[in-house]
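Chain and residue survey
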Amino acid sequence: MVHVKCLLKTCLLLWTCLNFSPIQAQFIVPGELIQESLPTFNEDSIAKRGIRSITLRMLRKPSMKPIYDDGKRTRYRFNEKGQVTEFKKIYPGKYGVLDTSIVRCEFEQHGPVRLLERVVSYRRLTSYSYPEDDVVHLEIKVKRGNSPWQVIRREELVTQEDHNSRGMNKRITRGGIGEKAYQKTDEHYDGFGRITSREIWNGNRSQSIETWVWQDDKIKGYFKNDLLENRQSSIEYNIDAPRQEEGKWCIEECREWSIVHHKNGLPKGWIFMNPKTENMEIWEFDYDFFDTANR
């Protein structure tokens with residue numbers, strides 16, 4: 001299978017980052033985030049449960065005040081194989097209007113074949129083809145409103161793997177077809193097939209560095225240094241907690257987090273609290289099933 005790192009924060013990321021390590025058994029995959037804050041879900045678990053969609057209802061609760069709903073939502077849609085086919089964000093815009101961004105993905109045997117992003121009237125379509133096992137070709141088109149589609153770029157992703165006694169090193173290069181690559185991604189996996197680091201370069205400049213820390217068979221922490229934005233983020237896991245579903249999360253500010261569950265084992269809510277201010281953010285999980293008997 002071709003492993004591709006997609007810099008669009010989309011379902012292609014979900015396709016690529018669920019292909020390693022024993023933590024796949026968990027419903028929410030530890031250490032793999034979308035846009036540094038949103039969860040990824042295990043494909044096998046989604047398919048086994050027959051889940052058609054998951055909607056995160058994002059609420060906030062300032063200290064000593066009631067819960068507020070600003071209308072923020074994130075929705076994942078899945079096919080019957082558990083693959084993400086749509087990723088939708090609804091968020092407050094100007095003058096009380098809710099804005100929407102949508103990413104839709106179509107799959108075939110090799111992986112994604114079409115990826116459509118839509119933000120208001122702007123659309124971006126990426127088509128994928130697989131001429132070789134370790135090569136992916138991309139054609140990128142854009143359009144606004146009723147204007148015709150315009151091809152803006154054709155690119156090639158090439159994956160090289162080097163296996164050794166300590167694990168595997170992987171390099172993914174990205175550039176125009178027949179041109180020198182403008183970007184490279186270096187990843188390292190340990191002897192158990194678990195990712196431990198990822199560094200993305202634009203030309204000779206390092207763009208970001210990600211690190212995964214493991215203890216025994218559990219993930220202890222994920223750390224990211226965005227060198228372009230000069231921003232650091234991290235999520236730490238309490239390895240002694242059931243399911244490793246509590247810990248510390250730092251993006252601009254540090255918060256404590258934990259996940260509560262329904263009786264059927266599915267996540268019910270994700271709770272974040274700033275220990276200094278006691279302000280809280282609550283994500284409620286809402287599920288839709290292909291067959292209600294699978295709940």
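What counts and how
Here, residues in each chain are numbered from 1, in the same order as that chain's written sequence. Totals for whole chains, interfaces and linings use every residue, but because this is a predicted model, local features are given only for residues with pLDDT of at least 70 and side-chain atom pairs only at 80 or more, for both listing and counting. Derived side-chain values reflect all non-hydrogen atoms in the structure, with water molecules and hydrogen atoms excluded from consideration. Any cysteine sulfur atom paired with another within 2.5 Å is treated as part of a disulfide. In this analysis, rings of Phe, Tyr and Trp, with Trp reduced to its six-membered ring, are considered paired at centre separations within 6.5 Å, and the interplanar angle assigns stacked below 30 degrees, edge-to-face beyond 60, and tilted for intermediate values. Elements are defined by DSSP. Helices are runs of H or I of four residues or more, strands are runs of E of two residues or more, and each kind is numbered from the N terminus. Burial here depends on accessible area, computed with a 1.4 Å probe over protein chains only, as a share of the maximum for the residue type. Under 20% is buried, over 50% is exposed, and the range in between is partly exposed. We count a charge as sitting over a ring when the NZ of a lysine or the CZ of an arginine lies within 6 Å of the ring centre and within 35 degrees of the ring normal.

**What about the state of the cysteines?**
Enumeration over the complete set of coordinates arrives at one disulfide. Here Cys250 is linked by a disulfide to Cys254, with a sulfur-sulfur distance of 2.1 Å. The chirality of the disulfide connecting Cys250 with Cys254 is right-handed, given an S-S dihedral of about 110°.

**Some thoughts on the packing of aromatic side chains**
Under the criterion given, the structure shown has 17 aromatic pairs. Both rings, one in Phe41 and one in Phe78, keep their centres 6.3 Å apart while their planes meet at 85°; by these two values the pair is edge-to-face. One end of the pair, Phe41, is in strand E2 (residues 38–41); the other, Phe78, is in strand E4 (residues 68–78), and 37 residues separate them in sequence. With respect to class, Phe41 is no different from Phe78; both count as buried. Note on Trp249 and Trp257: the rings are 6.4 Å apart at their centroids and 80° apart in plane angle, and the pair reads as edge-to-face. An identical accessibility class is assigned to Trp249 and Trp257; each is buried. Here Lys184 stacks its cationic end above the ring of Trp201, 5.2 Å away from the centre of that ring.

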